[in-house]
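Breakdown of the fold
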2 protein chains.
Amino acid sequence: MNASNIQIVLVNPSHPGNIGAVARAMKNMGLRQLVLVAPRQFPDPEAEWRAASAVDIIHEARVVGTLDEAIAGSQFVVGTSARDRRIPWPVQDARLTAKRIVERSVADKVSVLFGREDSGLNNEELRRCNLHCHIPTHPDYESLNLSMAVQIVCYEIRMTELEGSLPTAEDAHWENAFATSQDMEYFYEHLEDTLIDLEFLNPNAPRQLMTRMRRLYSRVRLDDMEVQILRGILKETRRLVRENNNK
Amino acid sequence: MNASNIQIVLVNPSHPGNIGAVARAMKNMGLRQLVLVAPRQFPDPEAEWRAASAVDIIHEARVVGTLDEAIAGSQFVVGTSARDRRIPWPVQDARLTAKRIVERSVADKVSVLFGREDSGLNNEELRRCNLHCHIPTHPDYESLNLSMAVQIVCYEIRMTELEGSLPTAEDAHWENAFATSQDMEYFYEHLEDTLIDLEFLNPNAPRQLMTRMRRLYSRVRLDDMEVQILRGILKETRRLVRENNNK
């Protein structure tokens, strides 16, 4: 991906707060090129406030009078659209659109257009696009806030960029090694001996107690440190039992 | 997925505008259960204004004094976290977290916690969680706005719910059938004849013209209607050539 080949274009945004929120959403996901087509109110302190630490994106934003100026140099133009069109256009969801954007950005300039808060992009604007992007919102309430739509598309662009490099295991960044089967067998022996010492387990009528304990601990991947801690507790418990018996 | 088993919990939110934006983000993605733990300012007109057509979510929100009250009935608790922890905890990105949430929601109550605007969830709160969720923002600016974080997680929950049911082809909802190879061959013949009539193509020195035209039209999947339109143009062109020759 070449992030500097991707520009986010807001067509006639009404609320400066949304412009600020868009700048932050972009920077959070590693994009920096913002183009504003005839914004109603800009520059504006609310845009700066909502941008927070992305105020540099706001200051570097390119402000133009028409969509044509905004996209003149782009080889691939994507338009976000909520509505069904009378003439269907090539359309993909945000995830697949992001893949197209990332692929194209390697060699080409890409524009991603977002329309007005109340009415989106009009038909004339949507006809300038190679691809329409649809975010599959819930039928109870289809209309996303402008900056939320930008956030989702920018997030998908970043996820595409990171594809294959994100860990999938929930314990991928664990600080300790995980216990081996042999470690676990020593632990279960130690546990069983301790439960017998405690007279909690009757070796002549063990029922399913150890099976249940095995099922419990095998559902977690215990790490070395955790096995040490548990065995430390068992050792201390057995010491106490012996001390008690000697009294 | 059972959406009514999933609740979004905001811990000590400061800005009522964010509460409204969260309500809208939830409803856009089909979630409705919002819990507010000791919000600084709520109810508030800005929350209602930012919620837009999700104001019903605001009115139905459960306001509680402590996190314990919020999650008492939950069997699976997820906490969103930006920071690396001293003791690593099970952690997954928003996409994989959403899969876990959707799976668990079928049978269990699930809480998804989001922390304060400035400082997130504290260590005590993060320790109440079965899983931490991390959104992989860009190192230039890691800190997402609260409502944006909620939007991304809710979007991933909806995408998980829709998995397998979304069309992947960009022309999945086309209104016309696509042209067959036979249709295309008739079209190319018609095109070639017309270009010869126009004396644009010299059949004795055709060079690569038809190959280039084939390459052009084979890069689009022409539909029946488009082939008809193009052949209509060719027919009209040939008629004009003949008329001209007869003068």
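Residues numbered from 1 in each chain as written. Chains lettered and ligands numbered in written order. Predicted model: local features only at pLDDT ≥ 70, side-chain atom pairs only at ≥ 80, totals over all residues. Heavy atoms only, no water.

In terms of regular secondary structure, chain A is built from ten helices and seven strands. The proportion of buried residues among the 247 residues of chain A is 47%. Here chain A carries 30 positive and 35 negative side-chain charges, and the mean point of each set is 2 Å from the other. (Helix = DSSP H or I, 4+ residues; strand = E, 2+ residues; numbered from the N terminus. Buried < 20%, exposed > 50% of the residue type's maximum accessible area, 1.4 Å probe, protein only. Lys, Arg positive; Asp, Glu negative; His and termini not counted. Charge placed at Lys NZ, Arg CZ, Asp CG, Glu CD.)

A common measure of how large an interface is: the accessible area buried when the components associate. Considered domain by domain, chain A is made up of domain 1 (3-162) and domain 2 (181-246). Taking the mean C-alpha position of each, domain 1 of chain A and domain 2 of chain A sit 59 Å from one another. (Domains from an automatic or database assignment.)

All names here are of chain B. If you walk across this open sheet you meet the seven strands as 3-2-1-6-4-7-5, and the pairing is parallel. Looking along the sheet, the strands with just one partner apiece sit at the ends: strand 3 (62-64) and strand 5 (91-93). Taking each pair of neighbouring strands and ignoring which way they run, the sheet shows an average axis angle of 25°. In this sheet, strand 3 lies alongside strand 2 (residues 33-37) in parallel orientation, the contact comprising three bridges. Along strand 3, the bridge assignment pairs Leu 36 with Val 63. Helix 5 (residues 94-105) rests against strand 1 (6-11), strand 4 (76-80), strand 5, strand 6 (110-114) and strand 7 (131-134) of the sheet, and its axis sits at about 105° to strand 5. (Pairing = 2+ DSSP bridges. Axes fitted to C-alpha atoms, helices over the stretch in contact; angles between N-to-C directions. Contact = heavy atoms within 4.5 Å.)

Right, let's get into helix 1 (residues 16-28) of chain B. With 13 residues, helix 1 of chain B should cover 18 Å at 1.5 Å per step; its first-to-last C-alpha distance of 19 Å lies within 8% of that length. Along helix 1 of chain B, 13 of the 13 residues are buried, which leaves the element largely enclosed by surrounding structure. (Expected span 1.5 Å × (residues − 1).)

By way of backbone hydrogen bonds, the strands of a sheet pair with one another, either parallel or antiparallel. Residues and elements named next belong to chain A. With parallel pairing, seven strands are arranged side by side in an open sheet as 3-2-1-6-4-7-5. Each having just a single partner strand, strand 3 (62-64) and strand 5 (91-93) make up the two edges of the open sheet. For this sheet, the mean inter-axis angle between neighbouring strands, taken without regard to orientation, is 25°. The pairing of strand 1 (residues 6-11) with strand 2 (residues 33-37) spans five bridges and is classified as parallel. Looking across to strand 2, one finds that Leu 10 is bridged to Leu 36. Sitting on the sheet, helix 5 (residues 94-105) touches strand 1, strand 4 (76-80), strand 5, strand 6 (110-114) and strand 7 (131-134), and the angle it makes with strand 5 is about 105°.

Next up on the list: the relation of the copies chain A and chain B. When chain A is fitted to chain B, the residual RMSD is 0.1 Å, and the transformation amounts to a turn of 180° plus an axial shift of 0.0 Å. Taken together, the rotation angle and the small translation identify this as a two-fold axis. Both copies contact each other with a shared surface, as 100% of the interface residues of chain A are interface residues in chain B too. (Least-squares fit on C-alpha atoms with pLDDT ≥ 70 in both.)

Another point: the packing of aromatic side chains. Residue and element names in this part refer to chain A. For the structure on display, the rule yields six aromatic pairs over all chains. Every member of this aromatic cluster is reached through a ring pair, and the members are Phe 187, Tyr 188 and Tyr 217. Taking NZ or CZ as reference, Arg 221 lies 3.7 Å from the ring centre of Phe 178, over its face. (Phe/Tyr/Trp six-rings, centres within 6.5 Å; stacked < 30°, edge-to-face > 60°. Lys NZ or Arg CZ within 6 Å of the ring centre and 35° of its normal.)

Between chain A and chain B, the contact holds 52 residues from the first and 52 residues from the second. Across the chain A/chain B interface, buried area totals approximately 4,300 Å², and carbon plus sulfur atoms make up 57% of it. The tally of links between chain A and chain B comes to four salt bridges. Arg100(A) is the partner of Glu170(B) in a salt bridge, and the nearest nitrogen-oxygen pair spans 2.5 Å. Of all the secondary-structure elements, those providing two or more residues to the side of chain A that touches chain B are helix 1 (16-28), helix 2 (45-51), strand 5, helix 5 and helix 7 (146-162) of chain A. (Buried area = accessible area lost by both parts, 1.4 Å probe. Salt bridge = Lys/Arg side-chain N within 4 Å of Asp/Glu carboxyl O.)

Turning our attention to the nonpolar core. In terms of nonpolar packing, the biggest core is built from 86 residues, with Ile8(A), Leu10(A), Leu34(A), Ile8(B), Leu10(B) and Leu34(B) touching the most fellow members. Apart from residues no more than four positions distant in its own chain, Leu10(B) is found in contact with Ile19(B), Val22(B), Leu34(B), Val35(B), Leu36(B), Val37(B), Phe114(B), Leu146(B) and Val150(B). Residues Leu195(B), Tyr217(B), Val227(B) and Leu234(B) belong to the second largest nonpolar core, which totals 14 residues. (Core = buried A, V, L, I, M, F, W, Y, C linked by side-chain atoms within 4.5 Å.)

Let us look at helix 10 (residues 224-246) of chain A. Residue and element names in this part refer to chain A. Along its 23 residues, helix 10 runs 33 Å from first to last C-alpha, staying within 8% of the 33 Å computed at 1.5 Å per residue. Here helix 10 has its buried residues at Val 227, Leu 234 and Val 241. On its buried face, helix 10 sits against helix 8 (181-197). One side-chain oxygen at the N-terminal end of helix 10 lies 3.0 Å from the backbone nitrogen of Met 225; it belongs to Asp 223. (Polar contact = N/O pair within 3.5 Å; in protein donor to acceptor, adjacent residues only side chain to side chain.)

With that settled, consider the packing of helix 8 (residues 181-197) of chain B against helix 9 (residues 209-219) of chain B. All names here are of chain B. At a minimum axis separation of 11 Å, helix 8 and helix 9 run at an interaxial angle of 140°. One way to sum up the angle between helix 8 and helix 9 is to call them oblique. For the pair helix 8 and helix 9, the crossing hand works out as right-handed. Note on element contacts: helix 9 touches helix 8 through Leu 209, Met 210, Met 213, Arg 214, Tyr 217 and Ser 218, opposite Met 184, Glu 185, Phe 187, Tyr 188, Leu 191, Glu 192 and Leu 195. Class assignment for the residues of the contact of helix 8 with helix 9 results in nine nonpolar, one polar and three charged. (Parallel < 35°, antiparallel > 145°, perpendicular 65-115°, else oblique. Left-handed = near helix turned anticlockwise from the far one by under 90°. Nonpolar A, V, L, I, M, F, W, Y, C, P; charged D, E, K, R; others polar.)

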